[in-house]
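Notes for the structure review
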Amino acid sequence: LKGENTPSAVGLRKGLMVVQFVVAIMILIFSFLVTREASFLREKPLGFQHERVLVLTIDDLTLEQKYPGLKESLLELPGVDHVTASANVSWDRGIIAHSSFKCIGTDITIQQNLALVDPDFLRVYQITIIEGENFPKNTDKAANMCVINRAAQKELGLYQMVGRKLHHGSFYTRQVVGVVEDFHFRYPTEEIRPLVMVPIPEYWGLRRRFVSIKLNPGDLNTTVGRIEKKVKKAFPRMELLPGGHHH
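Predicted model, so just to flag it, every value in this text is computed and none were measured.

**Considering the pattern of salt bridges**
Under the definition given, this model contains nine salt bridges. Among the ionic contacts, a cluster of salt bridges with common partners joins Lys 71, Asp 118, Asp 120, Arg 123 and Lys 137.

**Details of the nonpolar core**
Residues Phe 121, Tyr 125, Ile 127, Phe 183 and Met 197 are the most contacted members of the largest nonpolar core, which totals 23 residues. Going through the elements one at a time, strand S1 (53–57), helix H3 (121–125), strand S10 (172–180) and strand S11 (195–198) are the ones with two or more residues in this core. The element that contributes the greatest number of residues to this core is H3, accounting for four residues. Dropping the residues within four chain positions of it, Tyr 125 is found in contact with Phe 48, Gln 49, Val 53, Val 55, Thr 84, Val 89 and Ser 212.

**Remarks on empty space enclosed by the protein**
Rolling a probe over the atoms, with the probe sized like a water molecule, indicates the empty space that remains. If you walk through the whole model with that rule in mind, you get one cavity of 30 Å³ or more. Put simply, the largest cavity is a space of about 50 Å³. Around the largest cavity, the lining residues are Asn 88, Val 89, Ser 90, Ala 115, Val 117, Phe 121, Phe 183, Phe 185, Leu 195 and Met 197.

**Topic: helix H2 (residues 63–75)**
Here H2 contains 13 residues, and its C-alpha end-to-end distance of 17 Å stays within 8% of the 18 Å for a straight helix at 1.5 Å per residue. A bend of about 30 degrees at Gly 69 is the largest found in H2. What H2 keeps buried is the set Leu 63, Tyr 67, Leu 70, Lys 71, Ser 73 and Leu 74. Those residues of H2 that are buried are in contact with strand S2 (80–86), strand S14 (210–215) and helix H6 (220–234).

**Brief notes about unusual backbone geometry**
Non-glycine residue Arg 52 carries a positive phi angle of around 55 degrees. Among the secondary structure elements, Arg 52 is positioned in the loop between helix H1 (7–43) and S1. Residue classification places Arg 52 among the partly exposed residues on the basis of a relative accessible area of 28%. Within the chain, Gln 126 stands out as a residue other than glycine whose phi angle is a positive 50 degrees. Along the chain, the position of Gln 126 falls in the loop between H3 and strand S7 (129–132).

**Considering the packing of aromatic side chains**
Here a ring pair, both rings aromatic, is described through the centre-centre distance and the interplanar angle of the planes. Taken as a whole, this structure holds four aromatic pairs when the rule is applied. Seen from their ring centres, Phe 48 and Phe 183 are 6.5 Å apart, and the 80 degrees between their planes marks the pair as edge-to-face. Of the two residues, Phe 48 sits in the loop between H1 and S1 while Phe 183 sits in the loop between S10 and S11, which places them 135 residues apart along the sequence. Judged by its relative accessible area of 8%, Phe 48 falls in the buried class. Classification of Phe 183 as buried rests on a relative accessible area of 2%. Aromatic pair Phe 183 and Phe 185: ring centres 6.2 Å apart, planes at 70 degrees, arrangement edge-to-face. Residue class for Phe 185 comes out buried when judged on its relative accessible area of 5%. Three or more aromatic residues joined by ring pairs form one cluster here, namely Phe 48, Phe 121, Tyr 125, Phe 183 and Phe 185.

Rules of the game
- Residues numbered from 1 in each chain as written.
- Predicted model: local features only at pLDDT ≥ 70, side-chain atom pairs only at ≥ 80, totals over all residues.
- Heavy atoms only, no water.
- Salt bridge = Lys/Arg side-chain N within 4 Å of Asp/Glu carboxyl O.
- Core = buried A, V, L, I, M, F, W, Y, C linked by side-chain atoms within 4.5 Å.
- Buried < 20%, exposed > 50% of the residue type's maximum accessible area, 1.4 Å probe, protein only.
- Helix = DSSP H or I, 4+ residues; strand = E, 2+ residues; numbered from the N terminus.
- Contact = heavy atoms within 4.5 Å.
- 1 Å grid on protein atoms, 1.4 Å probe; cavity = no way out; pocket = protein on both sides within 12 Å on 5 of 7 lines; lining within 4 Å.
- Points joined across faces, edges and corners; volume = space filled by probe spheres on them.
- Expected span 1.5 Å × (residues − 1).
- Bend = angle between axes of the 7 residues up to and from the residue.
- Phe/Tyr/Trp six-rings, centres within 6.5 Å; stacked < 30°, edge-to-face > 60°.

Structure representation (structure tokens):
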């Protein structure tokens, strides 16, 4: 089009300039939205601590069989503080089940989210307990217990929930041992919904497949390297950290 001043050439040049201008504006808007979203995620209170938490996705059917030994082995490392397993981790990774819960001794039945965790879940993510207590470290003792969040307590409409029993599914009755402050177990922009946490490995096909490791301050690279050796020993075919991350 160089050197051409025909009406069609001039119109085409003007059209291209308009397109370039619109594209530039769209890029600026997109960059602004991404920056605002990143700032929002940094500043929004999440209700849990994710600093120095390494998350491993171990999608292996033998995980539950090997998990107790793996956890014990990882806790031997000086750079590891706590270890837990869960069916999902915050920010929409994994699956949250839904179950109907009836509060025994009342006519109250509600639908709530159900999270499968191990007893150290609250310790790893430093989730605040506002009533009652945490799960005991002994998994067998904790099997028939549950911990709910503040949103679940509000939904149930009962001021005192610690000590009450919730019935769900066909056979399960669990005693509430604690109530925790609400935390974002889904994406931070979503409303926090009622949640019941139970320390069991599997429920109707849903199973724990995320292992979260709270690291001590220090040489994180060395600690992660030692964790890799432990994990590879338990799961030789696994590539370290598929879907894993740490903050």
